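Notes for the structure review
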Amino acid sequence: AQTVTQSQPEMSVQEAETVTLSCTYDTSESDYYLFWYKQPPSRQMILVIRQEAYKQQNATENRFSVNFQKAAKSFSLKISDSQLGDAAMYFCACTQGGKLIFGQGTELSVKP
Amino acid sequence: DAGITQSPRYKITETGRQVTLMCHQTWSHSYMFWYRQDLGHGLRLIYYSAAADITDKGEVPDGYVVSRSKTENFPLTLESATRSQTSVYFCASRGDFFGGTQYFGPGTRLLVL
């Protein structure tokens, strides 16, 4: 079965610092997409970043970037210049048969 | 307003009662999904639908029923609620492309007593 693993249940970062959230996945599909979603205390699921597996170039969205290592099946999220509003649960997800498989999430706290 | 909405946002019910959670989207997205979120499990897929009148099971379908008579609506019914179905339920939708972004509703918090 396809799996997505986030090995860090909790992470903490100082405001203005950089933090990296880890994600590994296991898939047998040749064409797939990877996502990071943010879930703040409001519980709304918000897309942070999306990566096409066939593209070697790492996706970036402002302060958010990924380190996509296809051979290692690794998809980490780097948050630069962390802000208090970045505090949230972050979920990694991978497509599988047109559906999304989610990791268990990493709770990020940001210290002022 | 355009987007994806869920109702009710909060629901308390008793064991054995039937409960229906509603989901409505205004994008005319083909695909719609129901997830449940529990501590330690992330989001798990309950059911999904590729179009009106086409539905399929996800990872945890037992105890749930879905229907999709119209593209924009995708209700989820708990036919006889159990305490283990206490959870937060999310509806999501996306377009035809399998790699497209799924957009989520605000969630429904369900408590089964």
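Scroll up to find the structure this text is about.
A brief structural summary. (Residues numbered from 1 in each chain as written. Chains lettered and ligands numbered in written order. Predicted model: local features only at pLDDT ≥ 70, side-chain atom pairs only at ≥ 80, totals over all residues. Heavy atoms only, no water.)

Attention shifts here to the sheet that holds strand β3 (residues 19-25) of chain B. Residue and element names in this part refer to chain B. Across the sheet, 4 strands lie side by side as β1-β3-β8-β7; this open sheet has antiparallel pairing. In this open sheet, the two edge strands, each paired with only one partner strand, are β1 (4-7) and β7 (64-66). Adjacent strand axes in the sheet meet at a mean angle of 20° when their direction is disregarded. Here β7 runs beside strand β8 (residues 76-78); their pairing, made up of 3 bridges, is antiparallel. Across the sheet, residue V66 finds its bridge partner in β8, namely L76. (Pairing = 2+ DSSP bridges. Helix = DSSP H or I, 4+ residues; strand = E, 2+ residues; numbered from the N terminus. Axes fitted to C-alpha atoms, helices over the stretch in contact; angles between N-to-C directions.)

Bringing the packing of aromatic side chains into the picture now. In this structure the tally under the stated criterion is 20 aromatic pairs over all chains. Here B:Y31 and B:F33 contribute two aromatic rings whose centre-to-centre distance is 6.3 Å and whose plane-to-plane angle is 15°, an arrangement assigned as stacked. Here the aromatic residues A:F35, A:Y37, A:F91, A:F102, B:Y31, B:F33, B:Y35, B:Y48, B:F90 and B:F104 are joined through ring pairs into a cluster of three or more. Against the face of B:Y31 rests B:R94, its NZ or CZ located 4.0 Å from the ring centre. (Phe/Tyr/Trp six-rings, centres within 6.5 Å; stacked < 30°, edge-to-face > 60°. Lys NZ or Arg CZ within 6 Å of the ring centre and 35° of its normal.)

This brings us to the interface of chain A and chain B. Taken residue by residue, the interface counts 19 residues in chain A and 22 residues in chain B. Of all residues in chain A, A:R43, A:K99 and A:F102 give up the largest surface area on contact with chain B, accounting jointly for 29% of the area buried on that side. For the pair chain A and chain B, the interface holds 0 salt bridges. Ranked by residue count, the leading element in the side of chain A that touches chain B is strand β5 (residues 33-39) of chain A, at 4 residues. Per-class residue counts for the side of chain A that touches chain B are 9 nonpolar, 6 polar and 4 charged. (Contact = heavy atoms within 4.5 Å. Buried area = accessible area lost by both parts, 1.4 Å probe. Salt bridge = Lys/Arg side-chain N within 4 Å of Asp/Glu carboxyl O. Nonpolar A, V, L, I, M, F, W, Y, C, P; charged D, E, K, R; others polar.)

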